[in-house]
Amino acid sequence: MATQDGVRRRDFINIAAVSAAGVGGLATLVPLISQMAPSKDVLAESTTELDISAIEPGQAVKAVFRKQPVFVRNLTPQEIAAADAVPVSSLRDPQSLEERTKEGRSNILVTMGVCTHLGCVPLGAAEGENKGEFGGYFCPCHGSHYDTAGRIRKGPAPTNLLVPEYEFTSDTTILIG
Ligand code: FES
């Protein structure tokens, strides 16, 4: 009898231990899974439409796409010529301006405003503190310099500013995402 009681007690303790482990495991997993799922805000911003008609040549505007800055720049003919004059093979991340823009619209450059080194927001040429040597963007965190085509030219960033997915929905409107 005493042995049967002992077995039942052991069974109960085992079941309780397994249940507690299960609940504990779930309690750990649920926040983990919900962290991995995109929040409603992010889903709501999965595309960004932008009217670019007011961006004068030589100007850039900052938009927001998936909570990250995007630079949309209207290049001047001089800036296009400066970008085209650089031999692509001499670049750390070899890409021509043509490859980074849409056909027939090489004056409109759309890039993420996120430095590819450690993610700071670079300053644009029009910003007073810009100390960039290549007329494009300068990252104040560790001194990466990007040219007018958003290509890395100097400093620790390994690659060019990323070009997000986007399309022209009209002559004056782009849809990012
Ligand atoms: Fe831009 Fe380091 S984050 S240079």
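Residues numbered from 1 in each chain as written. Predicted model: local features only at pLDDT ≥ 70, side-chain atom pairs only at ≥ 80, totals over all residues. Heavy atoms only, no water.

- Per an unreviewed UniProt entry, the recorded name for the chain is Ubiquinol-cytochrome c reductase iron-sulfur subunit, and the organism is Croceibacterium soli.
- Turning to the chain, the UniProt annotation filed under Subunit (unreviewed entry) states: "The main subunits of complex b-c1 are: cytochrome b, cytochrome c1 and the Rieske protein."
- The UniProt entry for the chain carries the following comment under Sequence similarities (unreviewed entry): "Belongs to the Rieske iron-sulfur protein family." (UniProt positions renumbered as here; feature names shortened; annotations may be inferred.)

1. Section: the overall build of the chain
Piece 1. Scanning the chain from N- to C-terminus turns up 4 helices and 10 strands.
Piece 2. Along the chain, helices and strands appear, N-terminal first, in the series α-α-β-β-β-α-α-β-β-β-β-β-β-β.
Piece 3. Considering the chain as a whole, with its 177 residues, one finds that 33% of them fall into the buried category.
Piece 4. Counting contacts in the chain only where the partners sit at least 6 residues apart, residues at least 24 apart contribute 52% of the total.
Piece 5. Total accessible area on the chain is roughly 10600 Å²; 58% of this is exposed by carbon and sulfur atoms. (Helix = DSSP H or I, 4+ residues; strand = E, 2+ residues; numbered from the N terminus. Buried < 20%, exposed > 50% of the residue type's maximum accessible area, 1.4 Å probe, protein only. Contact = heavy atoms within 4.5 Å. Areas by Shrake-Rupley, 256 points an atom, 1.4 Å probe, with all protein chains shown as cover.)

2. So, the environment of Gln 68
Piece 1. Tracing the backbone through its elements, the reader meets Gln 68 in strand E3 (residues 68-74).
Piece 2. Sequence-distant contacts of Gln 68, that is, excluding residues within four places in its chain, are made with Ala 63, Met 112 and Val 114.

3. Quick word on the nonpolar core
Piece 1. Judged by nonpolar contacts, the single largest core of 14 residues is most densely connected at Leu 50, Ile 52, Val 70, Val 72, Val 110, Ile 174 and Ile 176.
Piece 2. For this core, the secondary structure elements donating two or more residues are strand E2 (60-65), E3, strand E4 (108-112) and strand E10 (173-176).
Piece 3. For this core, the leading source of residues is E4, giving 3 residues.
Piece 4. Leaving out residues up to four positions away in the same chain, Ile 174 has contacts with Thr 48, Glu 49, Leu 50, Ile 52, Val 72, Val 110, Tyr 166, Glu 167, Phe 168 and Thr 169.
Piece 5. Formed by 8 residues, the second largest nonpolar core is a distinct cluster that contains Cys 115, Tyr 137, Cys 139 and Leu 161. (Core = buried A, V, L, I, M, F, W, Y, C linked by side-chain atoms within 4.5 Å.)

4. Topic: the packing of aromatic side chains
Piece 1. Taken as a whole and judged by the stated rule, the model has 2 aromatic pairs.
Piece 2. Ring geometry for Phe 71 and Tyr 137: centres 4.6 Å apart, planes at 10 degrees, overall stacked. Here Phe 71, found in strand E3, pairs with Tyr 137, found in strand E6 (residues 135-139); they are 66 residues apart in sequence, far enough to count as distant.
Piece 3. Residue classification places Tyr 137 among the buried positions, given a relative accessible area of 2%.
Piece 4. Ring geometry for Tyr 166 versus Phe 168: centroids 6.2 Å apart, planes at 65 degrees, classification edge-to-face.
Piece 5. What makes Tyr 166 buried here is its relative accessible area of 5%.
Piece 6. The cationic tip of Arg 73 hangs over the ring face of Tyr 137; the distance from NZ or CZ to the ring centre is 5.0 Å.
Piece 7. Positioned over the ring face of Tyr 166 is Lys 102, at 4.6 Å from the centre of the ring. (Phe/Tyr/Trp six-rings, centres within 6.5 Å; stacked < 30°, edge-to-face > 60°. Lys NZ or Arg CZ within 6 Å of the ring centre and 35° of its normal.)

5. A few points about unusual backbone geometry
Piece 1. One non-glycine residue, Arg 66, adopts positive backbone phi at about 50 degrees.
Piece 2. Counting through the fold element by element, Arg 66 comes out in the loop between E2 and E3.
Piece 3. Even without glycine at this site, Lys 67 takes up a positive phi of about 65 degrees.
Piece 4. Its location among the elements puts Lys 67 in the loop between E2 and E3.

6. A look at a negative patch on the surface
Piece 1. Together, Asp 84, Glu 98, Glu 99 and Glu 103 make up a region of like negative charge exposed at the surface.
Piece 2. Structurally, Glu 99 is set in helix H4 (residues 97-100). (Patch = residues over 30% accessible without salt bridge, like charges linked within 9 Å, V, L, I, M, F, W, Y side chains within 5 Å. Salt bridge = Lys/Arg side-chain N within 4 Å of Asp/Glu carboxyl O. Lys, Arg positive; Asp, Glu negative; His and termini not counted. Charge placed at Lys NZ, Arg CZ, Asp CG, Glu CD.)

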